[in-house]
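Each chain, written out:
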Amino acid sequence: METAPKPGSDVPPKKDKLQTKRKKPRRYWEEETVPTTDGASPGPPCNKKNRGPQRPKNAHILKKSRISKKPQVPKKPREWKNPESQRSLSGAQDPFPGPAPVPVEVVQKFCRIDKSRKLPRSKAKTRSRLEVAEAEEEETSIKAARSELLLAEEPGFLEGEDGEDTAKICQADIVEAVDIASAAKHFDLNLRQFGPYRLNYSRTGRHLAFGGRRGHVAALDWVTKKLMCEINVMEAVRDIRFLHSEALLAVAQNRWLHIYDNQGIELHCIRRCDRVTRLEFLPFHFLLATASETGFLTYLDVSVGKIVAALNARAGRLDVMSQNPYNAVIHLGHSNGTVSLWSPAMKEPLAKILCHRGGVRAVAVDSTGTYMATSGLDHQLKIFDLRGTYQPLSTRTLPHGAGHLAFSQRGLLVAGMGDVVNIWAGQGKASPPSLEQPYLTHRLSGPVHGLQFCPFEDVLGVGHSGGITSMLVPGAGEPNFDGLESNPYRSRKQRQEWEVKALLEKVPAELICLDPRALAEVDVISLEQGKKERIERLGYDPEAKAPFQPKPKQKGRSSTASLVKRKRKVMDEEHRDKVRQSLQQQQQQQKEAKAKSTGARPSALDRFVR
């Protein structure tokens, strides 16, 4: 309610407090608005300079279509104009921008493609695919070289003091110098009652199986010393092998081959493999190779339980056998001083190497498949190069001769001579061992009957007439293992999953050959020979002329069916012409032959000529 002003006073009438409009407080993030007239709603600030031309009130407004007529071009990502000026959150500039460089020598170690060899007369599409494959291989090798920095363990060797010979260092000194966990890996099992013994480690290096000549068979976790099974088969045991996992065990007994599980229960008795003397298991092919007294080399597929091949070596009793881990080729030593290389895909040996002037006593191949060590009755220890030359690289004469040989994962060579074990070391994994000076020497309580290095451990297992001895050999095993392939700490569930994956990736036995890299190459000789046979069979070269490509026609006459009919018609016509020409040539040759025969003197046998 307003009051009337007094006459003569210029004071405006007071408004009610409810009708007075208070000014809205402005925040610091809001822009200052221009005051408007009473009753008008405050809006955004109006700038007269930026105001465009006003349209009339009654002008018709055209609505824009939602579908644009112009093709939409994807926006390019925002590029930094000066990437060197980028800084981190702290404001400091990276002194080493970009990925860390990788040494070329390390990358070459993981490279698998030979870029020097090029495919002759390759098409553009094939060439582009090869370039993409080479780029992917190079990127993969670089990543593998970078991941090598994450490997925690490094291989080590035993180093003596100034002028000290490491061969004079005994096992007791090594056990005192190492830690408690490593010292527990050295032990002796006194089993003189059932010896001599043959032993075998599992692929993971966690389990140990051994069998005595008098029927004693046992398997245990040698790290924790937990016994898995122990039985007596009441028959002579000649050899023992783990299969693809520690759950199955193959035992070559005096008469037949038997398969046991890790509880000592007999699962199979394979009577087709009789009088077996040596066993070898090929893990990637699931093949158990057996050598017998009858001179047969037998391949048994343990995944399906069938014999893949039974090859007659024609060399008498077979008691020296070893496998090449690189290409799965079996090496057999014979009494005539030769070593033969066998594959289940061939009935004849892939190669024969004359190694000794006497019989061969032991054969071993290193993990890279490059070097082979042999020992014979002539007391010679030789190392051969298996990269195509098969020539001896080094030779050493031993006082008693070596009856057993074995290579470690790092390239160390061990030889068992009576009750003495000698170990030789080289410059590295890819170099042959030097036979000049032994690396370690150890004397046992009985003659050696079996040798094997434990995978991923610096341990050598020796089976002799007095039992089992576990020796410490620094630098023998590979320090880092692949957890997806050979994991010593895997559980039962992980082992089952690994078995399924390994069965799905099983390599066929027909692919075993000397050079596995040849499987990825094109057999040009067979391809050309097949092409010549096809030309001789047809009488012409079907690939000499380019195939007919019909031109497209209009008014619906270029359907797929019509194009195929036109192609077939032209091909039939060309075929008829070529057959007609070949027939004319044959008739011409027959006429020339008859003309030559009529000039000769007639014979009584001419009536039989057609």
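If you're wondering where the values come from, they're calculated on a predicted model, not measured in any experiment. Just so you know, the residues in each chain are numbered from 1, in the order the chain's sequence is written. Totals for whole chains, interfaces and linings use all residues, but because this is a predicted model, local features are given only for residues with pLDDT of at least 70 and pairs of side-chain atoms are given and counted only at 80 or more. Hydrogens are left out, water is left out, and the side-chain values use all remaining heavy atoms of the structure.

Observations concerning the overall build of the protein
- Of regular secondary structure, the protein possesses seven helices and 28 strands.
- Within the protein, residue pairs in contact and separated by at least 24 positions form 45% of the contacts whose partners lie at least 6 positions apart.
- Residue burial considers only the protein chains on display, and all accessible areas are found by Shrake-Rupley using a 1.4 Å probe. For the protein, the exposed area adds up to about 42,500 Å²; of that, 53% sits on carbon and sulfur atoms. Numbering of helices and strands runs from the N terminus, with a helix taken as a DSSP run of H or I at least four residues long and a strand as a DSSP run of E at least two residues long. For this analysis, residues touch if any pair of their heavy atoms sits within 4.5 Å.

So, the confidence of the model for the protein
- Mean pLDDT over the protein works out to 83, with 81% of the residues at or above the 70 mark.
- pLDDT expresses, on a scale from 0 to 100, how confident the predictor is about each individual residue. Strand β15 (residues 330–333) holds the highest mean pLDDT among the elements of the protein, 97, whereas helix α1 (residues 104–110) holds the lowest, 81.
- The low-confidence segment residues 36–53 (pLDDT under 50) makes four contacts with residues lying over four places distant or belonging to another chain.
- Note that pLDDT drops below 50 for residues 56–70; the model gives that stretch one contact with residues more than four away or on any other chain.

What to know about the environment of Thr-290
- Assignment of secondary structure puts Thr-290 in strand β11 (residues 287–292).
- Summary of the burial criterion: residues with accessible area below 20% of their type's maximum are buried, those above 50% are exposed, and those between are partly exposed, where the area comes from a 1.4 Å probe applied to protein chains only. We classify Thr-290 as buried; its relative accessible area is 2%.
- In sequence terms Thr-290 and Met-321 are 31 residues apart; their C-alpha atoms lie 8.8 Å from each other.
- The residues contacting Thr-290, other than those within four sequence positions of it, are Leu-257, Cys-273, Val-276, Arg-278, Leu-279, Phe-296, Leu-297, Thr-298 and Met-321.

Points about the packing of aromatic side chains
- A pair of Phe, Tyr and Trp rings is counted when the ring centres sit within 6.5 Å of each other, with Trp represented by its six-membered ring. The angle between the planes then sorts it: under 30 degrees is stacked, over 60 is edge-to-face, the rest tilted. Tallied over the entire structure, the rule returns five aromatic pairs.
- A connected cluster of aromatic rings, assembled from ring pairs, spans Phe-456, Phe-481 and Tyr-489.
- Criterion for a charge above a ring: Lys NZ or Arg CZ within 6 Å of the ring centre, and within 35 degrees of the ring normal. It is Arg-203 that lies over the ring of Phe-284; its NZ or CZ is 5.2 Å from the centre.
- The ring of Trp-498 carries the charged tip of Arg-490 above its face, separated from the ring centre by 4.9 Å.

Regarding the sheet that holds strand β14 (residues 321–323)
- A pair of strands is labelled paired if DSSP reports no fewer than 2 bridges between them. Overall, antiparallel pairing links the four strands, which are arranged β14-β15-β16-β17 in an open sheet. Each having just a single partner strand, β14 and β17 (351–354) make up the two edges of the open sheet. Along the sheet, successive strands turn relative to each other by an average axial angle of 20°, direction set aside. Lines are fitted to the C-alpha atoms to define the axes, a helix being fitted only along its stretch in contact, and any angle between axes, read from their N-to-C directions, falls within 0 to 180 degrees.

Regarding the nonpolar core
- Here, the term nonpolar core denotes a set of buried Ala, Val, Leu, Ile, Met, Phe, Trp, Tyr and Cys residues that are joined through side-chain atoms within 4.5 Å. The biggest cluster of nonpolar side chains holds 33 residues, and the ones touching the most others in it are Phe-210, Val-421, Ile-423, Leu-460 and Val-473.
- Look past the residues within four positions of Val-421 in its chain and what remains in contact with it is Val-414, Ala-415, Leu-440, Thr-441, His-442, Leu-444, Val-448, Leu-451, Leu-460 and Val-462.
- With 30 residues, the next largest nonpolar core counts Leu-287, Met-321, Val-339 and Leu-386 among its residues.

Re the side chain of Thr-277
- Within the fold, Thr-277 resides in strand β10 (residues 276–282).
- In the analysis that follows, any N or O atom pair within 3.5 Å is treated as a polar contact, provided that within protein one partner can donate a hydrogen and the other can accept it, and provided that, for residues neighboring in sequence, both atoms belong to side chains. At 2.4 Å, the side chain of Thr-277 forms a polar contact with the backbone oxygen of Leu-318.
- Residue contacts for Thr-277: discarding those within four places in its chain leaves Arg-238, Asp-239, Ala-291, Ser-292, Glu-293, Arg-317, Leu-318 and Asp-319.

Brief notes about a negative patch on the surface
- On the surface, Glu-161, Asp-162, Glu-164, Asp-173 and Glu-176 cluster together to form a negatively charged patch.
- You can see Asp-173 is positioned in helix α3 (residues 171–177). Here a patch means residues that are over 30% exposed by relative accessible area and free of salt bridges, tied together within 9 Å if like-charged and within 5 Å if nonpolar (Val, Leu, Ile, Met, Phe, Trp, Tyr). In what follows, salt bridge is the name for a side-chain nitrogen of Lys or Arg lying within 4 Å of a carboxyl oxygen of Asp or Glu. When charges are counted, Lys and Arg are positive and Asp and Glu negative, with His and the chain ends excluded. Where a charge lies is defined by one atom per residue type: Lys uses NZ, Arg uses CZ, Asp uses CG and Glu uses CD.

Considering the pairing of strand β12 (residues 296–301)
- Burial analysis of β12 places five of its six residues in the buried class, the great majority of the element.
- When β11 meets β12, the two strands line up antiparallel, connected through five bridges. Its bridge partner lying in β12, Thr-290 is registered against Thr-298.
- Counted between consecutive antiparallel strands, the loop separating β11 from β12 contains three residues, among which Gly-295 sits at a positive phi close to 90°.

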